[in-house]
Every structure is written in structure tokens, then in C-alpha cells.
Amino acid sequence: MRWEGHDRLATANLAPGHRAYKEKTLVAGGTEYRVWDPFRSKLAAALLNGLDELPLEGRSSVLYLGASTGTTVSHVSDIVGGGGVVFAVEHASRVARDLLDRVASRRRNVVPVIQDARNPSAYFSVYGKVDVVYADIAQPDQTEIAMSNCRAYLRGGGTLLLVIKTRSIDVVRRPDKVIEGELAKMRGGFEVAQLVGLEPYDRDHAMAAVLYRAA
Ligand code: SAM
């Protein structure tokens, strides 16, 4: 959308009148839109930096690891709409409280899962297989955690969107070497389709779009 003389990403607000993080809102054609800030959301940064295909559409189901207070979750919720669902996993209870207040209590398609992503078998509220696993947990073993969640919950032909925070994994090695090392772990049904750097919006981060072939 055009806003203050610039083109911006925005999503149609599934909870009109409510904001998730003090984002700007605009009304066009009777619909309220929320401006999607690439400095606050790595998925917006990846889209602006050329992520070829957003594997999300109306009615998609998403397992979101590392929901935090729900900034990106709220936009994913807008995109998948009332017919979709976002299972939002967050292990820090203080952060999860804000996720509940700002996002989950306003949106029926967001199911908060207050659990450790290292233990996917504990997600009793997640039903069936999802279309997309989105992982942004900033842990040294983030890639392994994401892959184990995919094996448990991602459908064959689904997509993993993996945020690679190079500093969480190794503060000494060069970021491109760290990324190379993480992508090399993607074996056994995982096929990296695209890697997008997130600068200038986010330093030392990249996003990988990974196809999951297993049934
Ligand atoms: N994705 C969020 C966004 O764009 O709005 C930001 C996520 S923040 C970088 C990482 C989050 O992952 C933190 O809220 C942290 O508490 C959570 N986290 C880290 N390790 C986790 C784990 N093992 N299980 C669940 N959540 C975890």
C-alpha cells in the first residue's frame, strides 16, 4: 500500500480496531489494513528482499515456533484468515502473556501453545498436519528443533520457513559459514529452495525456504 509517500507491505486486519504492536493502520475500500514493518518482522523483511513465494494463503495452517509477543504471528493470522489456523508456540510465560493479551484473545485463528519447541509431542492442541512450519527461536540448535517439528507436524509437500540467526549459533564464525553449516543439516526429505538475507532490516539473519518431501 502507498503510505506517507512510500510503498509498504500491509495485511488486511482480521481483528479490525485492534493493533498488535502499535503498527499503523489504514482504511481502503472499507477494509482496515495494518502496515507490516520489516524492521519488526523478519517475514516482512524476507518478502521485501525477494522471497519468491510466500507459502501462505487463505485457509493455510501454520505451526509457528518462537511466537514471542505475536508481532509476526498477527500478520500471518491476517493472511491465513478465518478459515486458517496458526499454532503459536512460545516457551517464555511472561512473553506468552503479551501474546495472549495482544493477539490470541483477539483472533480466533491463533491457538497459543505455551510449550518448549524442543518437545513437540507435548503440543496437545495441535491437530493434524500443517501446511507451513515457521521457525524463529534464536537457539543454537534451532535448525534441529525446526526439523523435528516438521517430522512431527508438517505435511509432505509443505514448507519450512527457517530464520537463521547466525549469532545464536556461533558468535565467532563468519555468518555465511554458519548459514552454510545449518543448510548442510537439511537432509532426509528437506530441500532448500531459497535463501534470503535480511539486511538492512535485520543484521546477521537469513531466512531459508525449505520444501519438505517426506509423506
Ligand atoms: N518470531 C517473533 C516475531 O517475529 O514476532 C520473534 C521471535 S524471538 C526472535 C524468539 C522467541 O523464541 C522468543 O520469544 C523466545 O522466548 C522463543 N523461544 C526460544 N527458545 C524457545 C523454545 N525452545 N521453545 C519455544 N519458544 C522458544
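All values reported here derive from a predicted model rather than from experimental measurement.

Looking at this model, I keep getting lost on the overall build of the protein chain. Mind explaining?
A tally of helices and strands in the protein chain yields six helices and twelve strands. What you see for the protein chain is a C-alpha radius of gyration of 17 Å, in line with the 17 Å of a compact globule of 215 residues. By its C-alpha atoms, the protein chain is 45 × 40 × 35 Å across when sized along the principal axes. A buried classification covers 49% of the 215 residues belonging to the protein chain. In the protein chain, once contacts between residues fewer than 6 apart in sequence are set aside, the share between residues at least 24 apart is 62%. In the form shown here, the protein chain has an accessible surface area of approximately 10,300 Å², with 48% of it arising from carbon and sulfur atoms.

Looking at this structure, I do not really get the pattern of salt bridges. What am I missing?
Opposite charge on two side chains lets them pair, provided their charged atoms get close. Inspection of every chain in the model, using the stated rule, returns eleven salt bridges. Residues glutamate 180 and lysine 177 are paired through a salt bridge, measuring 4.0 Å at the closest nitrogen-oxygen approach. Taken as a pair, glutamate 180 and lysine 177 lie in helix α6 (residues 175-183) at a separation of three residues, close to a single helical turn. Judged by its relative accessible area of 37%, lysine 177 is partly exposed. Here the residues in one salt-bridge network are Glu23, Arg34, Asp78 and Arg107, joined through shared partners.

It is not clear to me how the environment of alanine 206 should be interpreted in this structure. Could you clarify?
Considering the arrangement of structural elements, one finds alanine 206 in strand β12 (residues 205-212). The class of alanine 206 is buried, set by a relative accessible area of 3%. In sequence terms alanine 206 and lysine 177 are 29 residues apart; their C-alpha atoms lie 12 Å from each other. Each residue touching alanine 206, except ones within four places of it in the same chain, is listed here: Leu162, Val163, Ile164, Ile179, Leu195, Val196, Gly197 and Leu198.

What exactly am I supposed to notice about the site of the ligand here?
Lining the immediate environment of the ligand, one finds 16 residues, of which Tyr64, Thr72, Glu90, Ala117 and Gln139 sit closest. Contacts to the ligand include histidine 91, whose backbone N or O atom sits 3.3 Å from a nitrogen atom. Between alanine 117 and the ligand, the recorded distance is 2.8 Å, taken from a backbone N or O atom to a nitrogen atom. Out of a free accessible area of 610 Å², the ligand has 85% covered by protein chains. Within the shell around the ligand, the residues separate by chemical class into four nonpolar, seven polar and five charged.

Help me understand helix α4 (residues 142-153), please; the structure alone is not making it clear to me.
Given 3.6 residues to a turn, an α-helix orients residues that are three or four positions apart in the same direction. Taking 1.5 Å of rise per residue, the twelve residues of α4 would be expected to cover 16 Å, and the 16 Å separating its terminal C-alpha atoms lies within 8% of that figure. Restricting attention to buried positions, one finds in α4 the residues Gln142, Thr143, Ile145, Ala146, Met147, Asn149, Cys150 and Tyr153.

Honestly, helix α3 (residues 93-104) in this entry has me stumped. Any pointers?
For α3, with twelve residues, the first-to-last C-alpha span of 14 Å runs short of the 16 Å given by 1.5 Å per residue. Among all positions in α3, only Ala96, Leu99, Val103 and Ala104 are buried. Buried residues along α3 cover an arc of 65 degrees about the axis, so they all sit on one side. Away from its buried face by more than 90 degrees, α3 exposes Arg94 and Arg97.

Cut-offs and rules
Residues numbered from 1 in each chain as written. Predicted model: local features only at pLDDT ≥ 70, side-chain atom pairs only at ≥ 80, totals over all residues. Heavy atoms only, no water. Helix = DSSP H or I, 4+ residues; strand = E, 2+ residues; numbered from the N terminus. Rg over C-alpha atoms; globule rule 2.2 N^0.38 Å. Buried < 20%, exposed > 50% of the residue type's maximum accessible area, 1.4 Å probe, protein only. Contact = heavy atoms within 4.5 Å. Areas by Shrake-Rupley, 256 points an atom, 1.4 Å probe, with all protein chains shown as cover. Salt bridge = Lys/Arg side-chain N within 4 Å of Asp/Glu carboxyl O. Near = heavy atom within 4 Å. Polar contact = N/O pair within 3.5 Å; in protein donor to acceptor, adjacent residues only side chain to side chain. Nonpolar A, V, L, I, M, F, W, Y, C, P; charged D, E, K, R; others polar. Expected span 1.5 Å × (residues − 1). Arc of directions from axis to C-beta.

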